[in-house]
Amino acid sequence: MNEQSTDLRETVRQRYATAAVKVSEGSTACCGPEPVEVDENFGSTLYAAEDRDTLPVEAVAASLGCGNPTAVAELREGERVLDLGSGGGIDVLLSARRVGPTGKAYGLDMTEEMLALALANAAKAGATNVEFLKGTIEAIPLPAHTVDVVISNCVINLSTDKSAVFAETFRVLKPGGRIGVSDVVADDTLTPEQRAERGDYVGCIAGALSFAEYRAGLEAAGFTDVEITPTHPVADGMHSAIVRATKPSTAESTHRAAE
């Protein structure tokens, strides 16, 4: 990793560490924690009230995403799901409920403060089918073919090596597994410089891929059935989007290789 990438990763880590500390300190205040994100395009307001109301207030307050991946991932009973950049744990806890006691939800985060907050939230929620891991989304600390579904909420755009994220995601998915993520995606007409003009890197804008780049990256990693659907604008020419893709089954992979 070059010096610029290292600096950007540290900037992202510091931002999320600060957010976690703010929520943790706010939980001891008389009125509870304040949301760390006030922009209507990001944060807990993108979740249904019935979901927010059943979770610890600290998990809701720490939400910094641009969508609700658990609503589009079509999680099923007994599945194993991995949340990339799990933060305070809101998507892990919602996923754990959807996959039930026979399933499992993993959360991966590189920030100690967020991991501590997520563990506390899981304990408050009484969630027993969750596990939080420390690491980066470019080097997922799980064996190959471990999970059925990978979700993420406005985190992949923060990576400085998105091809590694796509490759690692493909590796840990079982054959036939799928991704259902929310992310910020740019119009194909915008250059990287124009994207940077619309917002900073930790604000989930400057590092965003275009629609074509996102599709090409997933397909280069081996994914098929790629769908990228914009949901709402977050800046001029920048969109929150739902991204879906599938890892081919072994039989499909063999057939495609033969072709």
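Before reading on, note that the structure itself is shown above.
The structure reproduced in this document is the subject of the present report. (Residues numbered from 1 in each chain as written. Predicted model: local features only at pLDDT ≥ 70, side-chain atom pairs only at ≥ 80, totals over all residues. Heavy atoms only, no water.)

**Quick notes on the packing of aromatic side chains**
- According to the stated counting rule, one finds 2 aromatic pairs in the structure shown.
- On the numbers, 5.4 Å between centres and 45° between planes, the contact of Phe166 with Tyr214 is tilted. Pair noted here: Phe166 is in helix H6 (residues 162–172) and Tyr214 is in helix H8 (residues 211–221), with a separation of 48 residues, a long-range link. (Phe/Tyr/Trp six-rings, centres within 6.5 Å; stacked < 30°, edge-to-face > 60°. Helix = DSSP H or I, 4+ residues; strand = E, 2+ residues; numbered from the N terminus.)

**Focus on empty space enclosed by the protein**
- In total, this model carries 2 cavities of 30 Å³ or more according to the counting rule given.
- Each pocket or cavity is described by its volume, and for the second largest cavity that value is around 40 Å³.
- Together, Leu84, Val150, Ile156, Phe166, Thr169, Ile179, Val181, Tyr214 and Leu218 line the second largest cavity.
- Only H6, strand E5 (173–186) and H8 provide two or more residues apiece to the lining of the second largest cavity.
- Across the lining of the second largest cavity, the residue classes tally to 8 nonpolar, 1 polar and no charged. (1 Å grid on protein atoms, 1.4 Å probe; cavity = no way out; pocket = protein on both sides within 12 Å on 5 of 7 lines; lining within 4 Å. Points joined across faces, edges and corners; volume = space filled by probe spheres on them. Nonpolar A, V, L, I, M, F, W, Y, C, P; charged D, E, K, R; others polar.)

**Here's the deal with the nonpolar core**
- By size, the foremost hydrophobic cluster in this structure holds 31 residues, and its most contacted members are Leu82, Ile179, Tyr214, Leu218 and Phe223.
- Of all the elements in the fold, those that place two or more residues in this core are strand E1 (80–84), strand E2 (104–109), strand E4 (147–153), H6, E5, H8, strand E7 (224–235) and strand E8 (238–246).
- Leave out the neighbours within four places in its chain, and Ile179 touches Val150, Thr169, Leu173, Leu218, Phe223, Val243, Arg244 and Ala245.
- Of all hydrophobic cores here, the second largest spans 15 residues; its members include Val92, Leu93, Val99 and Ala118. (Core = buried A, V, L, I, M, F, W, Y, C linked by side-chain atoms within 4.5 Å. Buried < 20%, exposed > 50% of the residue type's maximum accessible area, 1.4 Å probe, protein only. Contact = heavy atoms within 4.5 Å.)

**Points about the packing of H6 against H8**
- One way to put it is that H6 packs onto H8 with a least axis distance of 9 Å and a crossing angle of 45°. Looking at the two axes, H6 sits oblique to H8. Seen from above, H6 lies across H8 with right-handed handedness. From H6, Phe166, Ala167 and Phe170 reach across to H8, where they touch Tyr214, Gly217, Leu218 and Ala221. (Axes fitted to C-alpha atoms, helices over the stretch in contact; angles between N-to-C directions. Parallel < 35°, antiparallel > 145°, perpendicular 65-115°, else oblique. Left-handed = near helix turned anticlockwise from the far one by under 90°.)

The analysis is restricted to geometry; functional conclusions fall outside its scope.
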